[in-house]
Every structure is written in structure tokens, then in C-alpha cells.
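# Residue-level structure breakdown
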Amino acid sequence: MWRNLHFLLSALVILTTNATSPCTEPDAVKLALEIDSLIDAKLKSQNITKASLTDDAEFVRRLYLDLHGVIPTYEETVRFLADKNPERRTKLISELLADKRYGEYLGDIWQGYLISPLADDRRKRADMLRKWLAEKFNQKSWNQIVTELVTATGKIEQNPAVIYLVEGRNLRTVQDLTDLASRYFLGVRLSCAQCHDHPFVAWKQQEFWGMAAFFSQIQTPGKSKVVYQVGVRDNQEITLESLKDGTTDGFMSIQPTFLGGEAPGSDSSIPNRVALAKWMTSEKNPYFAKAMVNRTWWRLFGRGIVNPVDDMHPANAPSHPELLDFLANRFVESGFDHKFITKAMVLSEAYQRTSKPGNDPEKQVAIFGRMPVKVLAGGQLYDSLVTILGEPVRKGGPQSDARSEFIQFFTDDGDPNVTAYRRGIPHLLRQMNSEQFARNISSLSLVTAGQGRSADEVAGELFLKVLSRKPSAVELNIFRDSVTRSCSLEASTRELAWALLMTSEFSLNH
Amino acid sequence: MNPFWNRRNFVANTMTGIPLTGWLGRLAANAPSQSRPKSCILLWMAGGPSHIDTFDPKPDASSDIRGEFKTTQTSVNGIRISEHFPKFANLMKHAAILRGMSTQESDHSLATYHMHTGYQNRGGSVVYPSIGAIVARELGSQEVPMPNFVTIGRAPQEAVSSGFLGPIAQPLGVTDPVRGLDYIKPLDSQEVFNRQVNLLQQLEAPFHKAYKSESGIAHRTMLDRAVKLMNSEQKQAFDISRETDQVRDAYRVNALKDPPKRGDKNPMALSGSFGQGCLMARRLVEAGVPFVEVVMGDGVGWDTHRDNFPRTKSLSLECDAAMSALVQDLQNRGLLETTLVVWMGEFGRSPQCGGGGRNHWSKSWSTVLVGGGIRGGQVIGKTDKDGASVVDRQISVTDFLATICTILGIDYKKKNLPSGVERPIPIVDTSKEIRILSELL
């Protein structure tokens, strides 16, 4: 069995590897085994059966969507499904992580987190920030990326990292930036504490404003548009006190203080944000590593080890505390290597389990005995449509505008629970009846149905193209019937293409 | 969810001699006499209309404040408004002018979000639902194919979201009311569409059997609803070409009776499509949609930092015609009692108008409520002699939205428990004291 072979090979590799070697292939494999042993232990103790592994078709589609944000092409699917090498999954994982598309997908995601939804010129700036992030994710470790973001200075055109600091004509408020940094970089939600001590958790109002103080030096109170002329810079003279305007809820003008009460060093020549970045990315920081590990896990597994993903606190316990601590330590030891941690996670059996429900399906998902079904995000949907159909008909303007508009239309607001389908009638109407990709569907059908092919060959190709799998015998029958009734292979092909694109299966990452 | 709409009936007993043709008539004929749940039509004046130049004129102030417009008497003694709302002046007994509005945001996006949701946008983890989504959720039906929240015109996307209320309460957007509902017609023939849907249904079955996921079920349900809407009779409510020319003309201001030419700048304003949007709103409310938002002013709209007087005048005249036709039409069809019309922007504009423009002003401004069973013919709140601050009866955004909820029969204190958020969230932010405008009830 594949699984036994994998185990044997991994065991062999571990035995022949020096325990203190740097982050290389074997470490990720070892870490994957360790992940599995922790998860399996809990499954066993709760008497929950493990779901079986995905078949190759489920696996290839899921992996491409999770690592590259897009379905595999027809060629990529066929190649993988034909591969008999017992190590094919591991090989594919390595290939996908090394591909530049890995960074591009993460850049897309993080640009969405970082840019204020109300910022002017959002589209143009989003593209600039996305490219910058893509490059960094492909080359740098997480602590380096966050340091560059937190300490970013200069003008937008010269340093795209400052984009998220600006909203409209002004710098983003210290409250906003504190909320953003704490949620995304530290995995904690401080914003309730802006106005009062958090009712359910330990965060105090003082802690919120202590953190907010770190963002005060970039502000330009009373002057808008200055940031365009001179860029973002740290002005030692601006403190929270300078920003007091009598209208901000809960405002407290205090000195910068790290979460947990420590004060930054007394060297006033070091800008606040530099001190903040240093504290955040330190190996001893109790939040930083866990936040990224949990968020990466959440993206891949559809639920975090802590849920909600950005709300870690003592009253919100992780489902697997030992696993979280353990992964966080490994992440730190690796030098905050996000590719390494991702690789270990997708190598694990837990990641490769099917999403088909077994006994006690809810419980199975909750403790990672089964993968939940995830919903394709707006960007994944668009990029997958382009993969299958080519670029849509343009109505003037650059392609990136069409992509942005589509994503904004199809993207959910609110807490992004990746397993909840939240689109409504307007979205389904557009998917069914929009002209945007209609011509592409016609061309595709024309080509696919051409030159004396049989109904089975046509169906085979369309299923592989759209759903990344071969059709079942039943599905082949359904299509053959449809061709017989319509008497036109081309017409039926077009209908099949339309139908496949409208299936739940296409819109979901199972 | 309001049980009334489960029976898909529409009240007809208060119609005064207007023949109801076609499907509307059939449904009306079968309806028992029942009190109809309320609906709301929000007329969103994007850009922030000047309160002094519309509903809170200051004829006795100095010339650099009162501006260029004169005032007109209304059908209610003692209430005067801008001369450029002549038709609406005659309908004042149905309306209440809220001159005491005083809110906290002066930036367009932030203020728009603030006025639609009652909360301030902190870019945080909670996305609050728009008032339209709230009404859709509380008063709408899940049984009928019609959506419960419709926006007409270029709606402010971040401010009309259903947020944590989810897809059931999402708005269906109609960009151009003259063109109708986007994507409602299949690309090919009905025959081809039916075959495609049939094929789809056959293909879906094995996936759902194998994966049995909630998200799959949600997708399939939404798809079914979309197809039902496409095949429904009720979708005709989105087709204003079914109205007579006479009715359609009533919603246009005289100067704009000519059809727009290609290349006309700002076609929304020129073609009178705001008025046609109001007409569609009336049809939708008749068809049972609980909340329709009609947007006036795409792009710059009422945001008159420059050319305040010529632009405000033309916008006022267009708005006057549309709004008055709407109120009149609703009244003629016996719908005014149960339909609340809300006229509002995101803030007012500064009293100082030397230089021909007025800037943003959130400290004191005006909104208008019409119909919905309110006690009309009154003014609530008063500003100082320059229209610069509220001297009597300050109305916050939460006072305002809570009052609207109350008029519509919604408990504004009711709490939602959105997933992923620990604390229950009331429909209207109750963290500060709320004073309902009981004078209206």
C-alpha cells in the first residue's frame, strides 16, 4: 500500500539523517510524521475513525488549489494521474513549492488582508503590493517579510511595502494598524479593547493603546496628502499625545508597550516600529510563530488548530495544544521558513485524507480525522476559469481590472470561514448567464468536439479539464444519451461544458 | 422571517380604482384582506446633499450662508423647503423632515458605511450588515424566488453588504433600471437552458451523495433559487417597460423628457434613470420585496465642493420629480401606509458657501422620512440660524436607524450571534443611549 511504502521510505530517510542538519527535505518528512502521530493519538483517544486517503484525482486538484490558488491544467492533471512513481505526491509537493506561483498566490491572499477596503486607488495599489509580496514569499522567510512590512518607509512608488499604511490621503489610523498587526501577525484580536477592557478575554484597554503607540511616529496629524510628497517616515516627535483629537473612542495617550507589559529599550534613536518588529519576530515572542502556524494550518485544513484563526487567547483553547506548540517551535527553529512548515503540513496523512464523510463526520473534521470541504475563493474561481477557458472577452481596460472586478463581486465579506458557501442569487445568475466567458466556452466546445471524436473521448477530456478527474461510467452514459438526443456532438459538448462549470464540485475544494 | 409572505399574497383591498392587470391582478384578486408587512425604499443621495439648499433652508441668514435658492411654502403651515422641490412641497403631510441629524464621519466611504450599518468601520474582523440586509433578514421570505434586498443604480458596495447575515440577505443589484436585471436571461434559447439545467441536475447527484457537505447543499439551493427566479412570473417586477409611458413620464423631470444620447456625460443624471429606478422600486415593493435601495448620484453626485448651486438645483429638480411620483404612486395604490420611504445622504454640507461650493458637514444635517404609517407633516430637530449646529433634538445615526426599525416593526435590540464572533451583536449599536423619535409613531 502507498501508505506503508511512504512510511518505510520516510523511516529510512530519518535513520540516515543527521539530527542537527539544516532545513532540508528529510526534516519536513519527519515533521509530517510527528504531526500525524499527534493527530492520530487524539483520534484514537476519542474513538474517531480516520477517513481514508484521497485518491490521486482529489489530491492533485486539492494541492494545486491550496498551494497555487488555481486548479491544475489539463496537462498537469493527466501527467500526475499517469505517474506510477510511489513518490509522486512528495515530488509534486516539492515542485509546487518551488514554483513562483507559490509566492504569487500568497501575495494575492496577503494583499487582501493588508489593504484597507476603503483605500482610494485600491486596484492599482493592490497590484503593486501583490507583486512585492509575491517576490518576498518566494525568497524570504516570514520574519523578514513582517519586519519589512512593519518598518516600511518611503514613497509608494519606491517601496510598495508602505501601501498598506496609507488610506486615502492620510496615514491609516493607529487603531486600524494596531488591529491589523495584532490580528494578522500575532493572531490576537485587540480591537474590542480599544474602548474598554475586553468583556470575555484578558485584553486591557491599556494594552491596546500601548501597542497603538508604536504606530504613532508615522502619523501626520492635521496634514493630509503629505505622505504622497515625502513618503512614510518615522518622526520621533509624534506621540499618541500629539494625536489626541477628542473624537476617538477610548483614546489613551501612553508610552509604547509590548503586549505582556514589557517596554521597549530606552534608546530613543530607534524608531518605535523598528523596536516593534524586533519584538514581534524574536524567537521568544509567544504570539508570532503560533499565529503564522495556525493561519497556515487554517488555510490548508479549512479550520485552524485555534478557531477563529486570529483570536488566540487563554479562553479559546487549541484543539491540539501540543501540536500547536510543537509546530511553532519547529517554525522558529527553521528560521521562520514558511515553505518548510507548509511542506510538512501537506506531506502529512492528515492533510491527504478525503473529505467524504464517514461515521461521526462533524467530529471527524473537528479533530482532523477528515478534511472538510472548502469553497473556492473569488480569486481561485477566476484563475481556474481562465485556466480552463483562457482570458475572457475584454471590455476595455487591462485584464487585471476584469480580474479585480470579478473577485470583488464574488468575494465574501465577513468572517471568511473557508468551508461556508456564502454566495447568493446574483452570483449564480452571473455564473450561469454572463457573457464574460461565453465565447470561450463556445470555442472550447468547438475544439473539443472536433474531428470525428467519440462522445466518450469528448467527455473524458472535458471532465479532466474542468473537474481534474476522469468521468465515471454513469457520467459517460449521461453524456452519450445527451448526444443521441441532440444529434449534435458540438451542441452537447457546449451544454456539458456549461453544466460542469456550474456543478458544486467545480465551485468546491473537496 | 415574516410568515405573511409564505402565502404569497398581496393586499388589494385598499386599491382605489386602479385596474391591476396581468399577474399582479390575479394575485390581488385571490388575496384575503390581511395587514401587509412593511417595506422600505431607501433613496440614497450619494455625495452628501447640502441641507441648507434642500430641506433646512436659512432665508434669514447672511448671503454667504443662505446661498442662491429661495424657499417655497409647503402644504403644511410653517414648513418651508427649497424652491426646487415644488412637487414634494405638496406632499409634506406624509413626510417628516429630520433636521437634527448629527453624526461622526466626514469621509465619504466611512460615512456611507456608518449611515448604512450604524456602526463605524474599523477594518476589523466584524463586517456589519447594511440596513437593507437587516430588513431582508427580518421581514423577508425564504420561500419566494424574489430576493429580499435589491439595490438599483451604482450602490456603494462595502456599505450594502449583508456582512455576517450571509447570502440570504445579500442584495441583488440592478445597475441600470432601464436595462433591467443583469444576467436574468439565459444566453441561448430557453430550450437550450432547460437542457443544460437538466444535464446539470443529473451530474450533481453522485457528488452530493458522496460528499454530503453543507457547502454543497448551500450551492445547490442557491442555484435552484436562481433558476426559479429566471423562470418566475415575479421577475417581471424588474421590467419597467411594462408600465405605460404616462406612468414612466411622471417619474421624469420635465427638462429630461428626451432620451439620452450616446456619449452624454453622466448618463444617470441626464436620462432620469434615478426616476426610473424609483418606479422599479415601487414595482418591487408591490411584488413583496421588503427593501429596495435606489441610488442617486454615481461618481460626484451631490458632492458639490464646486458649482454647488447649479448642480444642486438640477439634482433637486430631478429628485423632486422622482420622489414625488413615487410617493403619489404608492398612495394611489394603497401602499404608502406600509411603505417607508427614506431620503438620505452620508452627511450635509457646510453653511459657508462663498466660492460657490459647500464642503462636508456632519455636525448638523437633514434626512426625510415619508409614509410607512408615520405621523407626517412635522419637523424634528432644529439647527441654529446658520444651519451649523443642532440646537434642539440631536439625532444620532443609531437614533435614526433604531427609529426606522421600529417603524418597520423590527426589534432593533435583537441580537445576532454571527459565527466566528464571540459576542452577540444587536441590530442597532446599543452601546450608547438611543432615543427613538417617538414623535413619528
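Note that the structure is a prediction, hence the values are computed from the model and not measured.

## Here we look at the domain arrangement of chain A
Residues and elements named next belong to chain A.
- Split by domain assignment, chain A resolves into domain 1 (2-97 + 332-371), domain 2 (102-280) and domain 3 (375-509).
- Domain 1 puts 14 residues into the contact, and the matching count from domain 3 is 18 residues.
- Contact between domain 1 and domain 3 buries roughly 1300 Å² in total, counting both sides, with carbon and sulfur atoms accounting for 59%.
- Area buried by domain 1 at its contact with domain 3 is led by R61, I71 and Y74, which between them contribute 45% of it.

## Focus on the pairing of strand β4 (residues 95-101) of chain B
All names here are of chain B.
- Of all seven residues making up β4, seven are buried, and the element is well covered by its neighbours.
- Two strands pair when backbone bridges link them, and β4 and strand β11 (residues 365-371) are joined in this way by five bridges, in the antiparallel orientation. Residue I97 lies in a different strand from β11, and its bridge partner there is V368.
- Relative to strand β12 (residues 378-380), β4 is paired through three bridges, and the arrangement is parallel. Considered in β12, the bridge of L98 is made with I380.

## Remarks on the side chain of S468 of chain A
- Within the fold, S468 of chain A resides in the loop between α21 (455-467) and α22 (473-486).
- Discounting chain neighbours no more than four positions away, the residues touching S468 of chain A are A57, R61, I71, P72, T77, L81 and F463 of chain A.

## Structural notes on the pattern of salt bridges
- Counting across every chain of the model gives 51 salt bridges over all chains.
- Note that D239 of chain B is salt-bridged to R242 of chain B, the shortest N-O span being 3.5 Å.
- On the basis of relative accessible area, D239 of chain B is assigned to the partly exposed category, the value being 28%.
- Sharing partners across several salt bridges, the network here consists of R101, D108, D127, R130, D383 and R403 of chain A.

## Quick look at the interface of chain B and chain A
- Chain B puts 60 residues into the contact, and the matching count from chain A is 59 residues.
- A buried area of about 5300 Å², summed over both sides, lies between chain B and chain A, and 62% of it is on carbon and sulfur atoms.
- On the surface where chain B and chain A come into contact, there are one salt bridge.
- E495 of chain A is paired through a salt bridge with R195 of chain B; the nearest N and O atoms lie 2.8 Å apart.
- Elements represented by at least two residues in the side of chain B that touches chain A include exactly α4 (108-117), α6 (190-211) and α7 (214-231) of chain B.
- Element by element, the count of residues in the side of chain B that touches chain A is highest for α6 of chain B, at 14 residues.
- Here the side of chain B that touches chain A is composed, by residue class, of 28 nonpolar, 19 polar and 13 charged.

## Brief notes about the sheet that holds strand β7 (residues 291-296) of chain B
Residues and elements named next belong to chain B.
- Reading across the sheet, the eight strands line up as β6-β5-β7-β1-β8-β11-β4-β12 and stay open at both edges, with mixed pairing between neighbours. Both edges of this open sheet fall to β6 (172-174) and β12, since each of them pairs with a single strand only. This sheet shows a mean twist of 20° between the axes of neighbouring strands, independent of strand direction.
- Across four bridges, the pairing between strand β8 (residues 339-344) and β11 is antiparallel. Of the residues in β11, the one forming a bridge with V341 is V370.

Cut-offs applied
Residues numbered from 1 in each chain as written. Chains lettered and ligands numbered in written order. Predicted model: local features only at pLDDT ≥ 70, side-chain atom pairs only at ≥ 80, totals over all residues. Heavy atoms only, no water. Domains from an automatic or database assignment. Contact = heavy atoms within 4.5 Å. Buried area = accessible area lost by both parts, 1.4 Å probe. Buried < 20%, exposed > 50% of the residue type's maximum accessible area, 1.4 Å probe, protein only. Helix = DSSP H or I, 4+ residues; strand = E, 2+ residues; numbered from the N terminus. Pairing = 2+ DSSP bridges. Salt bridge = Lys/Arg side-chain N within 4 Å of Asp/Glu carboxyl O. Nonpolar A, V, L, I, M, F, W, Y, C, P; charged D, E, K, R; others polar. Axes fitted to C-alpha atoms, helices over the stretch in contact; angles between N-to-C directions.

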